[in-house]
Amino acid sequence: MFKLLNVARVKAGLPPLVRDARLDTMAEDNAVRMATGGPQDTAPDLSTNAWWEDYKGGTPRLDSQTAQTQIDYTLKSPDFKDAMLRPEGRATGVAVVVSGSRVNYTMVFDVINTDVTLYENSAAKDPTWAQLVDFLQKDDTDQQQYIVDEFVCRHFAARLHNNAERAGIKAAYVSIAFADDPVGHAMNAFNTTDRGLVYVDDTPSTNIREEDKALNADKVAYIELGQRYGIVALQVAKGFNYSDYETYKESRQSYDARMVAYEQSMADYDTQLDVYNKAVQDHNLKVAAYNAAPSDVVYQQLTAENKQLEDAKIGLNVLKDKLDAMRTQLDALSADLGSLYQPMSVVGHFYVHF
């Protein structure tokens, strides 16, 4: 299969594909699912072609006749032909599974989605972290508009990849398949010379405060198999390991809890202030009535009441000062954390395509 497939690629002037153990594993999993009637993997940027033949006994193999038949069939399909011959095709996996009277075959192409094309610069080099930050701050990919079904995450990832390569920065296109969501995601990776592999997500969030848009345009992404995909604003990211994201998330959750407590305290303060203002109005009415008809008893009552109001005012001022100090601390922490992006789904598979 590989030999015939690579003949087709060489004839098209493209480099041959190489085997990849991860894709072989995925192909085997798909073949088993196909054999048992289960759903096949729908990972983004992977093209899965499956077929079967009658089982005639013995050890099933992808012999030259089987391979040629499938290659001929695949080349007749515009989608699979495009997948096989795209220059960014990285590797292919093939699996064979016997189920009853059938031999099930699954072939997986690791390709970029067919409506995007990657530009590769052979002279591009891995950047330092400072060089990457400088490039991202100048690049306008994150400022593009997200358009459903027209310009989505894979287009943002391809644009950032191509802009980086043209700028002499080696970039990777990364595709993610979520374990609990059929809709995948695409973003980028850069192998910085001083900080290691850094994932970057430039797809804009639809759940973000207007005042945080500038801060959170470019985002550091965090990927770990079996964990939720996380994103943090580039300017506030403290590290690039998933543990750094978990630390950030804990700080953000602490901030959210403190903000809830602050807002509740502000609501209590506002209630107390309303009660105080109403008491002052009532007291002033009593003072006006006293001035119209003075009385020693009423005077003593008003004097005591005025003392209570003064004490309440002092207490309210102390509380307001505490709340103002709390808000100042929260604002500083908010600036340090940026706007929170809710974690996406659990990462099932991901592919870094350099």
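Note that the coordinates shown come from a computational prediction; the quantities given were computed from them, not determined experimentally.

### Focus on the packing of aromatic side chains
The full count for this structure, using the stated rule, is nine aromatic pairs. On the basis of an interplanar angle of 40° and a centroid distance of 6.0 Å, the ring pair of Tyr290 and Tyr299 is categorised as tilted. Given the relative accessible area of 19%, Tyr290 is considered buried. Overall, the relative accessible area of 47% leaves Tyr299 in the partly exposed class. Among the aromatic side chains, those forming a connected cluster through ring pairs are Tyr146, Phe151 and Phe156. Over the aromatic face of Trp52 sits the side chain of Arg102, whose NZ or CZ is 4.6 Å from the ring centroid.

### Quick look at helix α2 (residues 21-36)
Relative to the 22 Å expected for 16 residues at 1.5 Å per residue, α2 spans 23 Å between its end C-alpha atoms, a close match to the ideal helical length. Every buried residue of α2 is accounted for by Leu23, Asp24, Met26, Ala27, Asn30, Ala31, Met34 and Ala35. Packing partners of the buried residues in α2 comprise β1 (18-19), β2 (46-54), β3 (91-99), β4 (102-110) and β10 (347-353). The distance from a side-chain oxygen at the start of α2 to the backbone nitrogen of Arg22 is 2.9 Å, and the residue carrying that oxygen is Asp20. Once α2 ends, the next one or two residues include Gly37, with phi positive near 80°.

### Examining the pattern of salt bridges
Taken as a whole and judged by the stated rule, the model has 14 salt bridges. For Arg22, the salt bridge goes to Asp20, with nearest N and O atoms at 3.7 Å. Residue class for Arg22 comes out partly exposed when judged on its relative accessible area of 43%. Take Asp20: its relative accessible area is 12%, and that puts it in the buried class. For Asp29, the salt bridge goes to Arg33, with nearest N and O atoms at 3.0 Å. Of the two residues, Asp29 and Arg33 are both situated in helix α2; the distance of four residues between them amounts to about one turn of the helix. A relative accessible area of 30% means that Arg33 is categorised as partly exposed.

Criteria and cut-off values
- Residues numbered from 1 in each chain as written.
- Predicted model: local features only at pLDDT ≥ 70, side-chain atom pairs only at ≥ 80, totals over all residues.
- Heavy atoms only, no water.
- Phe/Tyr/Trp six-rings, centres within 6.5 Å; stacked < 30°, edge-to-face > 60°.
- Buried < 20%, exposed > 50% of the residue type's maximum accessible area, 1.4 Å probe, protein only.
- Lys NZ or Arg CZ within 6 Å of the ring centre and 35° of its normal.
- Helix = DSSP H or I, 4+ residues; strand = E, 2+ residues; numbered from the N terminus.
- Expected span 1.5 Å × (residues − 1).
- Contact = heavy atoms within 4.5 Å.
- Polar contact = N/O pair within 3.5 Å; in protein donor to acceptor, adjacent residues only side chain to side chain.
- Salt bridge = Lys/Arg side-chain N within 4 Å of Asp/Glu carboxyl O.

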